[in-house]
4 protein chains.
Amino acid sequence: MIEVLPLAMVGGGPGSFIGPVHRMAAELDGRMRLVAGVFSSDPERSRAAAAAYAIDPTRVYPDYPTMFESERARADGVQVVSIATPNHLHLPIATAALASGVHVVSDKPATATLKEALALREAVRASDRVYALTYTYSGYPMIRRARDIVAAGELGPIRKIVVEYPQGWLSAAIERGGNRQAAWRVDPVQAGVGGCIGDIGVHAFHLAEYVSGERVSAFVADLRTMVPGRALDDDCNVLLRFAGGASGVLVASQVATGERNNLTLRIYGERKGLRWCHERADRLTLTTASGDTSVLHAGQGTDGAMFRLPPGHPEGFIEAFARIYADVAAAIAGKRELIGGVVPGIAAGVRSMRFVETAVAASHAGHGWTSFEEDAS
Amino acid sequence: MIEVLPLAMVGGGPGSFIGPVHRMAAELDGRMRLVAGVFSSDPERSRAAAAAYAIDPTRVYPDYPTMFESERARADGVQVVSIATPNHLHLPIATAALASGVHVVSDKPATATLKEALALREAVRASDRVYALTYTYSGYPMIRRARDIVAAGELGPIRKIVVEYPQGWLSAAIERGGNRQAAWRVDPVQAGVGGCIGDIGVHAFHLAEYVSGERVSAFVADLRTMVPGRALDDDCNVLLRFAGGASGVLVASQVATGERNNLTLRIYGERKGLRWCHERADRLTLTTASGDTSVLHAGQGTDGAMFRLPPGHPEGFIEAFARIYADVAAAIAGKRELIGGVVPGIAAGVRSMRFVETAVAASHAGHGWTSFEEDAS
Amino acid sequence: MIEVLPLAMVGGGPGSFIGPVHRMAAELDGRMRLVAGVFSSDPERSRAAAAAYAIDPTRVYPDYPTMFESERARADGVQVVSIATPNHLHLPIATAALASGVHVVSDKPATATLKEALALREAVRASDRVYALTYTYSGYPMIRRARDIVAAGELGPIRKIVVEYPQGWLSAAIERGGNRQAAWRVDPVQAGVGGCIGDIGVHAFHLAEYVSGERVSAFVADLRTMVPGRALDDDCNVLLRFAGGASGVLVASQVATGERNNLTLRIYGERKGLRWCHERADRLTLTTASGDTSVLHAGQGTDGAMFRLPPGHPEGFIEAFARIYADVAAAIAGKRELIGGVVPGIAAGVRSMRFVETAVAASHAGHGWTSFEEDAS
Amino acid sequence: MIEVLPLAMVGGGPGSFIGPVHRMAAELDGRMRLVAGVFSSDPERSRAAAAAYAIDPTRVYPDYPTMFESERARADGVQVVSIATPNHLHLPIATAALASGVHVVSDKPATATLKEALALREAVRASDRVYALTYTYSGYPMIRRARDIVAAGELGPIRKIVVEYPQGWLSAAIERGGNRQAAWRVDPVQAGVGGCIGDIGVHAFHLAEYVSGERVSAFVADLRTMVPGRALDDDCNVLLRFAGGASGVLVASQVATGERNNLTLRIYGERKGLRWCHERADRLTLTTASGDTSVLHAGQGTDGAMFRLPPGHPEGFIEAFARIYADVAAAIAGKRELIGGVVPGIAAGVRSMRFVETAVAASHAGHGWTSFEEDAS
């Protein structure tokens, strides 16, 4: 019988978008089960969430230190924790979990600041537990396949990378109208130094490097605040240069009115181009110099193992998220090489935070080209 | 705390496509949990499946009569069963479940023959348990929304309905190459009288009536067997007439080479037209006489309650399937009106089987227009 | 210097859609020039049209017999005539032209009735002049390429053909509101026996046979009149059987509210499927049993000679129409084999009229399967 | 009778892509006719082109000064000239034409350098003739409609503009393989200082300002040469800031392998977003904060006057080009306000050349933000 890992969650209480996603994703493939949690700093809200998750009330805790301590004492105590809080709590929770011997699946970004990310890296290195970051899009089968295609050299040397993450949901100041999702994201205390760049720009940044295998070596960032009264950026345009010689652009926005979540990646090599759009996540388009276009479909060909359904039966965001959880389960079971491989780990977290902080600083200073170093180990 | 209903499954063993879908869908919203089953008639295969599902080995049974009897004796015995077997077993399993006081979620079609469907209708009527049929596509939020739009009269009187279900996976005789999915579907003993018409034509038939609210009153069916050696149809074209005056076409095929699963529905009324394609299930397109087109997106507007994620975060087949399970859970908890309302019940099952049998017979006889009656109660 | 053929037009006066298209198409490639005409039976309207076309007023004639006679007397007299009138005038004009030694490019359908088409066939056979029918869609490069692909056997034996021509512009009775385009099309005197079937159903019928090379051998036609008060059909659904064993469906409608002109053809063979949509006329999609899809683009590969622009520079309806005119010019210059080959000629005209009349009669009679013979020579 | 203006062409000889387009576009609406020309500097090639254009051999000239002089002496001499040469010849030809009283339709860019553009501006100002630049995309009906929609304030204050012009045809060094189109474009002598930026970047730049009504006030340009051995850029990424406060990005490339010509413009305002893609030029998409999307189709609504066909009958590149010629004919006939209004004139030419030169210089210098002034009059 497969082992079903007992899972805790911190955050993800009433009104949370990503909490339920973590729960559904963790349980989808039957390898983990949510059994404990601290779903809110407000005990009443926490209990309400627990009831909705059908969690045993005795395993709903007032705070995460208490949870990790109590669970450790149980034979069936949690082995993994999902962190679904605002960014500023990621570091202390992850550190406490690792110290308690609990594996960590953290929502992105890794932390609220680079300094925190570096501290977390120390904690991860000092631990033998798994630390994984849910850069969700890395869990889509066609993104994995795209990565393999690039790695196999099918595109030839990479020349250009265009990555875009357009959203429009913050085009009005809904944070002042009681929208909880908006409120913490535009608050520097909870979100950290990055607004749009930290919330979705990091997804775009990560995806570009994840699929292409190329590394950003310099950039010019133009981060703007379009909705008056916000302290953080809500719109970003970034010119990119890659160490391997490619040029690129990263466009992210939360004020692209009417856009939903159509993260789009295009990579052009000497021989072929590649295109993936989140709106049609089951497809991957390859373009050739001779002009004909190939469309690959999820569930066909080599990605069969990653797809749960026959071709033409769409899998979505939850399924992609679940791919990361399935990989984490496999990593816990021994395949540690998955972490930092197909599954983003702390290195991706540190690199993303460095990107966010460098971009914010450079943009505020009005700098032109800013070099972007690899993280020293 | 929400109640989590203990669920059993019959069928869905190794190699099954739909068994794991039932499990994932049933558990997705946290209202049911798979705890027992008879996953195969082969005990070893059944145990292998149970291990993969992480089922307690003591709740894996050699046959479904034993299961229902044993579970009935437990305080925590199963309350619902998912039927994921070939069609010919649907009737006896469903009947046994109902007789044991277990609610039924059956894969489509209801049974292998109309006669069986009528017998099952008697059993359902004699029971106070819920009986639901997983006409999956009825669980998509945009299909529910389309249904509401039509019901509200937004399209005006309906004039034309075109429904298509093209697949290509049976364009070669893969049933002779060991494909288990193909093997039972082309076998009259397991599949019943309908091949393509019974496997996917019923989905198309159901969806057309489900969304439009119109009822087929006559048709001309042309069912063909394109791959030599098959006993059942693998390709169907049907002219439709609806009681309300609309005309229509139903096209289904398993030999449309290269097609995956792009079930498509178009309904044209006097004022507007409506289009939905499974390949872009999160969208619903409305066309107007003045020419401009509106595209509605899942997660926005009135369907918010049915969608689990923010707009632009695709939900797929599993999530649609799970919508039916969530509705079944609500029906079991008291909202019985959902069954036969938004959730297909035995009436839909009988009607679909009557359509299959009438179409098969009329096509074989080379008939022209064949009238299609409402089912007498 | 290339020869520029002097061209006349009959019909195409003020308010005409297709008259200006014939003019633009004939002149696009610089091989013909409109110099004379009878643009309306109303002399004033005819003169107005001539002025808009910049035609020498002395070459605007009161009727076509006068025109053919007068032009014949000129050294630079017209050598070709475009017929852009309502259907009932096609036969007498074409006959008169041929009798005067003038080549004919006729708008479709060939005539208003089958009897007329057969008479026209006699006239064409008795003449050494070119007779071409503007089944426009046969002029699209990707349709020609699709035809070549099928002819080369790339799809394997053909199993299924689905052709659709959805329009919505007649979903209200605009013919009663002064719309001239609508008025003659719904009038049996001017349009002939077919409404939708004769106006656009013939395009679909012709295209299906033209690309597939298959021949319809039997059908069930369901022609309906959805807008009360019309004498002719405005909506058609037809089941098809082809002599080579394929099944098929033809769907055409003028009351598919909100549809513009998205003629769509799908052909499925044993090895591959093929799809073309008028809305993206520059593309041709090939689907394979292994699942990957290829998209071919106009201007690339073997169709380069048919496309006037580099790939990605869209050509449209006028350019497709012009392809037929270019071929007619080539046929006049000696390549007579083009007519009845890639360019539809009188045989296509007779066959289409037989289809229209047979379908109308069979539908009115409520017939089931009706056999459809090849035209005796 | 409408007046048909006699037209000359310079350039556009054998192998030219744009010469035949100018001819087809000029003649499409029947307002101009090509009657004279200097199609190549090589007399034999020029005569060959003339024969293919069916030009009277006596009106094919060895050079443009001779042509303008000779034609001036004729009662039916040319009134308009199309300039379809490489960029370095635009200035002298345009100047000569204006000096001879001949209206000018010039292919873009205006000239090879900014200095030349300023000189041409003087010549245009000193003349009473029309000077128009074929920024082709400004001739698409849906681009005109988009411009009207923005001007009417429907989008609200503009926040973000993303314009992309991806091509892949120069991803290999085809200029060394005899491709004439490629050869002059990569040659600084014929093309001027800009490669990709001058060939297609200017289209993107012009379109962004043309539709949005916003003016670029600063930028960071990253122009690269990806194919070794080229003297000019073949890939461009540019961050944009607009005077009205919007941010933006311009991406253009000739080495985006497999891309054809999918010029794409997105404009986001406070209330709505707008999207247009050349691949589906007949459509305009409007997105709203509430989430629903509207798709407008050419030939419907207020753009009817600009579209020649019923909705759903695609018009393409030639038709868009012809819209500019039709407007030029109207301007010559008296509506001079069209030039510099919907039709790009010398001001657009000067501004584009300033953009090209400033971008090239700033990129070579590795500058960050570079301010971009309005042109002093």
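Residues numbered from 1 in each chain as written. Chains lettered and ligands numbered in written order. Predicted model: local features only at pLDDT ≥ 70, side-chain atom pairs only at ≥ 80, totals over all residues.

**A short note on the overall build of chain A**
Right, so step 1: Looking only at helices and strands, one finds 11 helices and 14 strands in chain A.
Right, so step 2: For chain A, the C-alpha radius of gyration of 20 Å lies close to 21 Å, the compact-globule estimate for 377 residues.
Right, so step 3: Along the longest, intermediate and shortest principal axes, the C-alpha atoms of chain A span 65 × 50 × 40 Å.
Right, so step 4: Taking the intrachain contacts of chain A between residues at least 6 apart in sequence as the baseline, contacts between residues at least 24 apart amount to 69%. (Helix = DSSP H or I, 4+ residues; strand = E, 2+ residues; numbered from the N terminus. Rg over C-alpha atoms; globule rule 2.2 N^0.38 Å. Contact = placed C-beta atoms within 7 Å.)

**Examining the relation of the copies chain D and chain B**
Right, so step 1: The two copies are related by a screw motion: chain D maps onto chain B through a turn of 180° and a shift of 0.0 Å along the axis, at an RMSD of 0.0 Å. Viewed as a symmetry operation, the transformation between the two copies matches a two-fold axis. Nearest to the rotation axis, the C-alpha of Ser294 of chain D is located 2.3 Å from it, this being the minimum over chain D.
Right, so step 2: Here 100% of the contact residues of chain D are again contact residues in chain B; the copies associate through an equivalent surface. (Least-squares fit on C-alpha atoms with pLDDT ≥ 70 in both.)

**Digging into the domain arrangement of chain A**
One frequent convention defines the size of an interface as the accessible area lost when the parts assemble.
Residue and element names in this part refer to chain A.
Right, so step 1: Split by domain assignment, chain A resolves into domain 1 (5-136) and domain 2 (141-309 + 344-371).
Right, so step 2: Between the C-alpha centres of domain 1 and domain 2 there is a distance of 26 Å.
Right, so step 3: Domain 1 puts 21 residues into the contact, and the matching count from domain 2 is 23 residues.
Right, so step 4: At six residues, the largest contribution of residues to the side of domain 1 that touches domain 2 is made by helix H5 (residues 114-125).
Right, so step 5: In the side of domain 1 that touches domain 2, the residues fall into 14 nonpolar, five polar and two charged. (Domains from an automatic or database assignment. Nonpolar A, V, L, I, M, F, W, Y, C, P; charged D, E, K, R; others polar.)

**Focus: the packing of helix H3 (residues 64-72) of chain D against helix H4 (residues 90-99) of chain D**
Residues and elements named next belong to chain D.
Right, so step 1: For the pair H3 and H4, the least separation of the axes is 10 Å and the interaxial angle reads 15°. Compared by their axis directions, H3 and H4 come out roughly parallel. Considering how the two elements wind past one another, H3 and H4 form a crossing that is right-handed. Residues Tyr64, Pro65 and Phe68 of H3 touch H4, and the partners they reach there are Ile93, Ala96 and Ala97.
Right, so step 2: Tallied by class, residues from the contact of H3 with H4 come to six nonpolar, no polar and no charged. (Axes fitted to C-alpha atoms, helices over the stretch in contact; angles between N-to-C directions. Parallel < 35°, antiparallel > 145°, perpendicular 65-115°, else oblique. Left-handed = near helix turned anticlockwise from the far one by under 90°.)

**Side note on unusual backbone geometry**
Right, so step 1: Here the residue pair Lys108 of chain A and Pro109 of chain A is connected by a cis peptide bond, since its omega of -10° sits within 30 degrees of zero.
Right, so step 2: Looking at the secondary structure, you find Pro109 of chain A in the loop between strand S4 (103-106) and H5.
Right, so step 3: Look at Ala54 of chain C: it is not a glycine, yet its phi comes out positive at around 60°.
Right, so step 4: Judged by C-beta crowding, with 15 C-beta atoms within 10 Å, Ala54 of chain C ranks as partly exposed. (Buried ≥ 20, exposed ≤ 12 C-beta atoms within 10 Å, placed from the backbone.)

**Focus: the sheet that holds strand S2 (residues 32-38) of chain B**
Residues and elements named next belong to chain B.
Right, so step 1: Reading across the sheet, the five strands line up as S2-S1-S3-S4-S5 and stay open at both edges, with parallel pairing between neighbours. Bordering the open sheet on either side are S2 and strand S5 (131-133), each of which pairs with just one other strand. This sheet shows a mean twist of 25° between the axes of neighbouring strands, independent of strand direction.
Right, so step 2: When strand S4 (residues 103-106) meets S5, the two strands line up parallel, connected through three bridges. Along S5, the bridge assignment pairs Val105 with Ala132.
Right, so step 3: Packed on one face of the sheet, helix H10 (residues 317-332) meets strand S1 (5-11), S2, S4 and S5 and runs near 165° to S4. (Pairing = 2+ DSSP bridges.)

**A short note on the relation of the copies chain D and chain A**
Right, so step 1: Each copy of the sequence occupies a distinct position, and chain D is placed on chain A by a rotation of 180° and an axial shift of 0.0 Å, giving an RMSD of 0.0 Å.
Right, so step 2: A high fraction, 100%, of the interface residues of chain D reappear at the interface in chain A, so the copies pair face to face through one surface.

**Regarding helix H10 (residues 317-332) of chain C**
Right, so step 1: Along its 16 residues, H10 of chain C runs 23 Å from first to last C-alpha, staying within 8% of the 22 Å computed at 1.5 Å per residue.
Right, so step 2: Taking burial as the measure, the 16 residues of H10 of chain C include 15 buried ones, the bulk of the element. (Expected span 1.5 Å × (residues − 1).)

**Overview of the pairing of strand S1 (residues 5-11) of chain D**
In summary, the side chains of a regular strand alternate between the two faces of the sheet.
Residue and element names in this part refer to chain D.
Right, so step 1: Across the seven residues of S1, five count as buried, placing the element largely inside the fold.
Right, so step 2: In the sheet, S1 pairs with strand S2 (residues 32-38) via six bridges, with the strands oriented parallel. Looking at the pairing, Leu7 lines up with Leu34 of S2.

**Overview of the interface of chain D and chain B**
Right, so step 1: Taken residue by residue, the interface counts 10 residues in chain D and 10 residues in chain B.
Right, so step 2: Looking at the side of chain D that touches chain B residue by residue, the class counts come to three nonpolar, six polar and one charged.
Right, so step 3: Judged from the three bridges that link them, strand S13 (residues 293-297) of chain B and strand S13 (residues 293-297) of chain D form a sheet pairing that is antiparallel. Bridging from a neighbouring strand, Ser294 of chain B pairs with Ser294 of chain D of S13 of chain D.

**Quick notes on the environment of Ala75 of chain B**
Residues and elements named next belong to chain B.
Right, so step 1: Inspection of the secondary structure assignment puts Ala75 in the loop between helix H3 (64-72) and strand S3 (80-84).
Right, so step 2: Accessibility expressed as a C-beta count within 10 Å gives 4 for Ala75, which makes it exposed.
Right, so step 3: Considering only alpha carbons, one finds Ala75 and Ala330, 255 residues apart in sequence, at a separation of 21 Å.

**Regarding the interface of chain D and chain A**
Right, so step 1: Residue-level contacts link 36 residues of chain D with 36 residues of chain A.
Right, so step 2: Secondary structure elements with two or more residues in the side of chain D that touches chain A: strand S6 (158-166), strand S7 (216-224), strand S8 (235-242), strand S9 (247-253), strand S10 (264-269), strand S11 (272-277) and strand S12 (283-288) of chain D.
Right, so step 3: With four residues, the top contributor of residues to the side of chain D that touches chain A is S9 of chain D.

**Points about the sheet that holds strand S4 (residues 103-106) of chain C**
Residues and elements named next belong to chain C.
Right, so step 1: Reading across from one edge, S2-S1-S3-S4-S5 is the order of the five strands in this open sheet, with parallel pairing throughout. Each edge of the open sheet is held by one strand with a lone partner, namely strand S2 (32-38) and strand S5 (131-133). In this sheet, neighbouring strand axes are inclined to one another by 25° on average, regardless of whether the strands run parallel or antiparallel.
Right, so step 2: With four bridges connecting them, strand S3 (residues 80-84) and S4 associate as parallel partners. What sits directly across from Val81, in S4, is Val104.
Right, so step 3: Set on the sheet, helix H4 (residues 90-99) makes contact with strand S1 (5-11), S3, S4 and S5; between it and S4 the angle comes to about 160°.

**Digging into helix H9 (residues 196-212) of chain A**
Residues and elements named next belong to chain A.
Right, so step 1: The end-to-end C-alpha distance of H9 is 23 Å, a good match for the 24 Å that 17 residues give at a rise of 1.5 Å each.
Right, so step 2: Maximum bend of H9: about 35°, positioned at Val202.
Right, so step 3: Along H9, 17 of the 17 residues are buried, which leaves the element largely enclosed by surrounding structure. (Bend = angle between axes of the 7 residues up to and from the residue.)

**Focus on the confidence of the model for chain A**
Right, so step 1: Looking at chain A, the pLDDT average stands at 95 and 98% of residues meet or exceed 70.
Right, so step 2: Reported confidence for the predicted complex is 0.95 by ipTM and 0.97 by pTM. (pLDDT = per-residue confidence, 0-100.)

**Let's talk about the packing of helix H9 (residues 196-212) of chain C against helix H11 (residues 346-365) of chain C**
All names here are of chain C.
Right, so step 1: Packing of H9 against H11 leaves a shortest axis separation of 10 Å and a crossing angle of 120°. As judged from the angle between their axes, H9 and H11 are oblique. Classified by chirality, the crossing of H11 by H9 is right-handed. Here Ile197, Gly198, Val202, Phe205 and His206 of H9 come into contact with H11, specifically with Ala348, Ser352, Phe355, Val356, Ala359 and Val360.
Right, so step 2: The residue makeup of the contact of H9 with H11, split by class, is eight nonpolar, three polar and no charged.

**Brief notes about the nonpolar core**
Right, so step 1: In this structure, Tyr325 of chain A, Tyr325 of chain B, Tyr325 of chain C together with Tyr325 of chain D are the most contacted members of the largest nonpolar core, which totals 528 residues.
Right, so step 2: Setting aside residues no more than four positions away along its own chain, Tyr325 of chain C makes contact with Ala25, Ala26, Met32 and Val105 of chain C. (Core = buried A, V, L, I, M, F, W, Y, C linked by C-beta atoms within 7 Å.)

**So, the environment of Ser82 of chain D**
Residues and elements named next belong to chain D.
Right, so step 1: Structurally, Ser82 is set in strand S3 (residues 80-84).
Right, so step 2: Accessibility expressed as a C-beta count within 10 Å gives 32 for Ser82, which makes it buried.
Right, so step 3: When sequence neighbours within four positions are dropped, the list of residues in contact with Ser82 reads Leu7, Met9, His22, Ala26 and Val105.

**A word on the pairing of strand S1 (residues 5-11) of chain A**
All names here are of chain A.
Right, so step 1: Remark: the S1/helix H1 (residues 18-28)/strand S2 (residues 32-38) crossover connection has right-handed handedness.
Right, so step 2: Where S1 lies against strand S3 (residues 80-84), five bridges are found, and the strand directions are parallel. Within S3, the position partnered with Leu7 by the bridge is Val80. (Right-handed = clockwise from strand over helix to strand, strands pointing away.)

**Points about the environment of Met9 of chain A**
Right, so step 1: Its place among the elements puts Met9 of chain A in strand S1.
Right, so step 2: Ignoring anything within four residues of it in the chain, the contact list for Met9 of chain A reads Gly19, His22, Arg23, Leu34, Gly37, Phe39, Val81, Ser82 and Ala84 of chain A.

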